[in-house]
Amino acid sequence: MTRHLISIEDLERDDIERILERAEAFSEVTDRHIKKVPALRGRTVLNLFYEASTRTRSSFELAAKRLSADVVNFAASGSSVEKGESLKDTVLTLAAHSPDAVVVRTPWAGAATMVTNWTDAAVVNAGDGKHEHPTQALLDVFTLKQKLGGLDGRSIWIVGDVAHSRVARSNILAFQKMGAKVTVCGPPTLIPRGIEALGCEVQYDLTRLRDADVVYALRMQNERMHDAYVPSLREYAARYQINGRRLGPRQVLMHPGPVNRGVELSGEVVDSPQAVITMQVKAGVVVRMAVLYELLSGAPADDRVTSPEEPQLA
Ligand code: ASP
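The text that follows walks through the structure, step by step, so that each part is easy to find.

Definitions and cut-offs
Residues numbered from 1 in each chain as written. Predicted model: local features only at pLDDT ≥ 70, side-chain atom pairs only at ≥ 80, totals over all residues. Heavy atoms only, no water. 1 Å grid on protein atoms, 1.4 Å probe; cavity = no way out; pocket = protein on both sides within 12 Å on 5 of 7 lines; lining within 4 Å. Points joined across faces, edges and corners; volume = space filled by probe spheres on them. Helix = DSSP H or I, 4+ residues; strand = E, 2+ residues; numbered from the N terminus. Pairing = 2+ DSSP bridges. Axes fitted to C-alpha atoms, helices over the stretch in contact; angles between N-to-C directions. Expected span 1.5 Å × (residues − 1). Buried < 20%, exposed > 50% of the residue type's maximum accessible area, 1.4 Å probe, protein only. Contact = heavy atoms within 4.5 Å. Polar contact = N/O pair within 3.5 Å; in protein donor to acceptor, adjacent residues only side chain to side chain. Salt bridge = Lys/Arg side-chain N within 4 Å of Asp/Glu carboxyl O. Right-handed = clockwise from strand over helix to strand, strands pointing away.

### Let's talk about the layout of surface pockets
Inference 1: If you add up the space inside the largest pocket, you get close to 360 Å³.
Inference 2: Around the largest pocket, the lining is made up of 20 residues, and of these Arg 105, Arg 166, Arg 219, Gly 257 and Pro 258 lie nearest the centre.
Inference 3: Those elements giving two or more residues to the lining of the largest pocket turn out to be helix 2 (55-66) and helix 6 (166-177).

In structure tokens:
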């Protein structure tokens, strides 16, 4: 039975732990002189990217190659591709090459789920609009386990444009599953109403930021904003930027990238030893190796990572 990774919602803590243990084992491979194992030899991974990406695309490609899979990279220019039919036609066309996994990023919430209907391949959601980015959350948990030993009882503040961030949603779910207490913080216009239903706390200013063990800053997702949500980036930075004055000396600083220096983070904190941003990028390769391995190495159907839900476009 085809298996997919669409959402953190479909993963239990045990699933996350198993994937991360495997990622840990793959770390040994990426530290070797020859960074390759034959685990997925003869398998084909199709990377289908309808949206800009630096870290995610390169790390999925490297992950597949380090497992000896064949990789096809497809980049669609967002402006020339319509929603719906043309995504479907593209997937149907490329599915004719019989990929074993399709890694898909689009600006549309629900699109990764739709792709599961058009191919027999395992589908990995590499970001669907503002919905989810599950492998980002997994690599962030991996990084925090390396840094802190575990997430149980830790306090994690996610600061910034929560409303338009797929990373925020996936990370709130994953951090909580791993035992952390999550607080989201930002201007009221950038905090979705009712987000407490996910189990997190909400703060609208940084007064209690020092309570956090981990500060996770988000980029302003301008590409998904159709109105002005803050008076100006300058004003946003004045109230919410994580800088040397606001960040405590023992706090861990994370960011999914790309960073807008001088907006959500000051340059000094990006370059400080508290920032684990490049550790996150490094974790991306081994965690994605573990995800591809989990989906393609023929685990029994009961070990399914997730089941596709009804498609919803937003
Ligand atoms: N790279 C992350 C994403 O694709 C975060 C960001 O773009 O700000 O969602």
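### A few points about the sheet that holds strand 4 (residues 122-128)
Inference 1: Ordered by their spatial adjacency, four strands build an open sheet running 2-1-3-4, and the pairing between neighbours is parallel. Strands at the two margins of the open sheet, each flanked by one partner only, are strand 2 (70-75) and strand 4. When strand polarity is set aside, the average angle formed by the axes of neighbouring strands in this sheet is 15 degrees.
Inference 2: Looking at chain direction, strand 1 (residues 44-49) and strand 2 are connected through six bridges and run parallel. Along strand 2, the bridge assignment pairs Thr 44 with Asp 70.

### Digging into the sheet that holds strand 5 (residues 155-159)
Inference 1: Ordered by their spatial adjacency, five strands build an open sheet running 7-6-5-8-9, and the pairing between neighbours is parallel. Every interior strand has two partners, whereas the edge strands, strand 7 (201-203) and strand 9 (252-254), have only one. Averaged over all pairs of adjacent strands, the angle between strand axes in this sheet comes to 25 degrees, irrespective of strand direction.
Inference 2: Here three bridges tie strand 6 (residues 181-185) to strand 7, and the two strands are oriented parallel to one another.

### Focus on helix 1 (residues 13-30)
Inference 1: With 18 residues, helix 1 extends 25 Å from end C-alpha to end C-alpha; this agrees with the ideal 26 Å at 1.5 Å per step.
Inference 2: Among all positions in helix 1, only Asp 15, Ile 16, Ile 19, Leu 20, Ala 23, Phe 26, Ser 27, Val 29 and Thr 30 are buried.
Inference 3: Its buried side turned inward, helix 1 meets helix 2, helix 5 (134-148), helix 6 and helix 9 (277-296).

### Notes on the environment of Glu 294
Inference 1: Summarising the element assignment, Glu 294 is placed in helix 9.
Inference 2: Among the residues examined, Glu 294 registers a relative accessible area of 1% and is labelled buried.
Inference 3: Through-space distance from the C-alpha of Glu 294 to that of Met 114 is 21 Å; in sequence the pair is 180 residues apart.
Inference 4: Within the local environment of Glu 294, its side chain forms a polar contact with the side chain of Arg 18, the two groups lying 2.3 Å apart.
Inference 5: A polar atom in the side chain of Glu 294 sits 3.1 Å from the side chain of Arg 22.

### Observations concerning the pattern of salt bridges
Pairs can form between side chains of opposite charge once their charged atoms are near each other.
Inference 1: The tally for this structure, following the rule as stated, stands at 18 salt bridges.
Inference 2: A salt bridge links Arg 219 to Glu 223; the shortest N-O distance between them is 2.7 Å.
Inference 3: Judged by relative accessible area, which is 44%, Glu 223 ranks as partly exposed.
Inference 4: For Arg 261, the salt bridge identified is with Asp 271, shortest N-O distance 2.9 Å. With a gap of ten residues between them, Arg 261 in the loop between strand 9 and helix 8 (267-270) and Asp 271 in the loop between helix 8 and helix 9 connect regions that are remote in the sequence.
Inference 5: It is possible to trace a salt-bridge network through shared partners that takes in Asp 15, Arg 18, Arg 22 and Glu 294.

### Quick notes on the pairing of strand 1
Inference 1: Within strand 1, six of the six residues are buried, which leaves it mostly tucked inside the rest of the structure.
Inference 2: The side-chain alternation of strand 1 yields two buried faces, one formed by Thr 44, Leu 46 and Leu 48 and the other by Val 45, Asn 47 and Phe 49.
Inference 3: Once the chain exits strand 1 it traverses helix 2 before rejoining the sheet at strand 2, and the crossover so formed is right-handed.
Inference 4: Here strand 1 pairs with strand 3 (residues 101-106) via five bridges, running parallel. For Leu 46, the partnering residue across the bridge sits in strand 3 and is Val 102.

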